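Chain by chain, the residues:
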Amino acid sequence: MNNTRGATLLLLWTRAALAIAGVPASCAAPGSDSGGVSLSEACVWEDFDAAVERFSRVLQFETVSDVSAPNHAARPEEFARLDAFLRAAYPRVFGALTVEKTGADALSYLLTWTGSDPALRPVLLVSHTDVVPVTPESIKDWTHPPFSGAVADGFIWGRGAMDVKVTVVAILEAAEALLGRGWWPTRTLLFAFGHDEEVGGAMGAVETARLLESRGVQLEVIWDEGSGILLDGVKPFMDIPVALVGTAEKGYQSAKLHVTSTGGHSSMPPIDGSSVGAVVGRLLTRLSASPPPPRLVSPVTDMLRGLAPYAPAWMAAVLSAVGRVPGVDALVARLMASASAEAAALTRTTAAVTRLSAGVADNVLPQSATIGVNLRTLPGDGPGEVLDYLTGVVGPR
Ligand SMILES: [Zn+2]
């Protein structure tokens, strides 16, 4: 994340995570794992700067995942360096927990903190150590270099700061601190850190899941990387900061549209709009002008009703009626669909053109082109709905 808002979120999030770890002398001593860890303002992380420094270091490893690499790691040596750092930085965690390296070339992690009551089903905390690549042309746009881990202007900067080394570090900081004060869980805690989440997780999280399945592990709950804190609120309902708890994830589908034409020489392009370029242009216009229609589904409806008490009075009445009063859902969905990209994405299956390819030479009309569309689907929208939508938008007219 290379913008200021992202970095601000990061800092808030990190502080929150560290507060949960809660070791300061000013907090009440914990009694058990079921309580006593204060989240109050009075609890100030006494080793905050050191924790920030550790986080900064973690951001400096270029742990980029790459779907074309045999183990999904662009540079496996960077993952090895990160591993050495984590073991040195969190000695209690790596000493007291059962540490298993999983996935391709053992690049992912499964850490098991065995609870005192084996009858309780474990809780799984999920994160990932990999980040997406930085394109060379975007380097100049970074306020601080993407792998600098710069601590400047009150922020921590770097690729992976938001997505999602922050939770790897927060989990390890919390566990290290709790171990340091002699805390031990009643319920087993599992930490799974994948190394290829950004390219699908097939060689990391999937392998770890298979391992847990082979052992017959039944989980009580999974906490995944989740969302952030919307400092500007949820438009158009409120402008106070809102911390989102992710309870569902949209589906992911990709489609390819192939366009073919007769081609020819660029000196005499067709005058009837049949060139590949003209057809692609029309299709792109249609796709952008006709997104899938907005609608409200659970759990968005639950979220909106949950926001109601914090919204201005007139809006609170509307939000409280979501899912209960006929017509309100359609109205709210339309409002959200035009309020912001974030709000719109909550209300519809999104369709984004992400790839375009055509042409072999400056002076040759291409005979074919490919348009890649990535869709993030709402619950209830499967491949059939996606195909219906695309056919309806780009089919013959
Ligand atoms: Zn992520």
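Reading the values: the criteria
Residues numbered from 1 in each chain as written. Predicted model: local features only at pLDDT ≥ 70, side-chain atom pairs only at ≥ 80, totals over all residues. Heavy atoms only, no water. Core = buried A, V, L, I, M, F, W, Y, C linked by side-chain atoms within 4.5 Å. Buried < 20%, exposed > 50% of the residue type's maximum accessible area, 1.4 Å probe, protein only. Helix = DSSP H or I, 4+ residues; strand = E, 2+ residues; numbered from the N terminus. Contact = heavy atoms within 4.5 Å. Patch = residues over 30% accessible without salt bridge, like charges linked within 9 Å, V, L, I, M, F, W, Y side chains within 5 Å. Areas by Shrake-Rupley, 256 points an atom, 1.4 Å probe, with all protein chains shown as cover. Salt bridge = Lys/Arg side-chain N within 4 Å of Asp/Glu carboxyl O. Lys, Arg positive; Asp, Glu negative; His and termini not counted. Charge placed at Lys NZ, Arg CZ, Asp CG, Glu CD.

Draft legend 1. Quick look at the nonpolar core. Of all hydrophobic cores here, the largest spans 33 residues; its most connected members are L86, V93, W113, L172 and F191. Secondary-structure elements contributing two or more residues to this core are helix 2 (48–59), helix 3 (76–89), helix 4 (91–96), strand 2 (108–113), helix 5 (165–180) and strand 6 (189–194). Setting aside residues no more than four positions away along its own chain, F191 makes contact with L97, Y109, L110, L111, W113, L125, I171 and A175. Grouped together as the second largest cluster of nonpolar side chains are 20 residues, M238, M315, L319 and A343 included.

Draft legend 2. Geometry of a negative patch on the surface. Together, D163, E197, D224 and E249 make up a negatively charged patch on the protein surface. Looking at where E249 falls in the secondary structure, it is placed in the loop between strand 9 (242–243) and strand 10 (251–260). Assessed through its relative accessible area of 68%, E249 is described here as exposed.

Draft legend 3. Structural view of a nonpolar patch on the surface. A surface patch of nonpolar side chains, about 310 Å² in accessible area, is lined by V221, W223 and V245. Mapped onto the elements, V245 comes out in the loop between strand 9 and strand 10.

Draft legend 4. A look at the pattern of salt bridges. Overall, the coordinates contain 16 salt bridges when judged by the stated rule. The salt bridge partner of R75 is E62, with a shortest N-O separation of 3.2 Å. Taken together, the residues R75 in the loop between helix 2 and helix 3 and E62 in the loop between helix 2 and helix 3 connect sequence positions 13 residues apart. Look at R75 and you get partly exposed, because its relative accessible area is 33%. A residue is classified by how much of its surface remains accessible, and E62, at 30% relative accessible area, is partly exposed. Measuring nitrogen to oxygen at the nearest pair gives 2.8 Å for the salt bridge that ties E78 to R81. With E78 and R81 both in helix 3, this residue pair falls 3 residues apart, about one helical turn. Here E78 falls in the buried class, since its relative accessible area comes to 4%. Taken together, the shared-partner salt bridges connect E62, R75, E77, E78 and R81 into one network.

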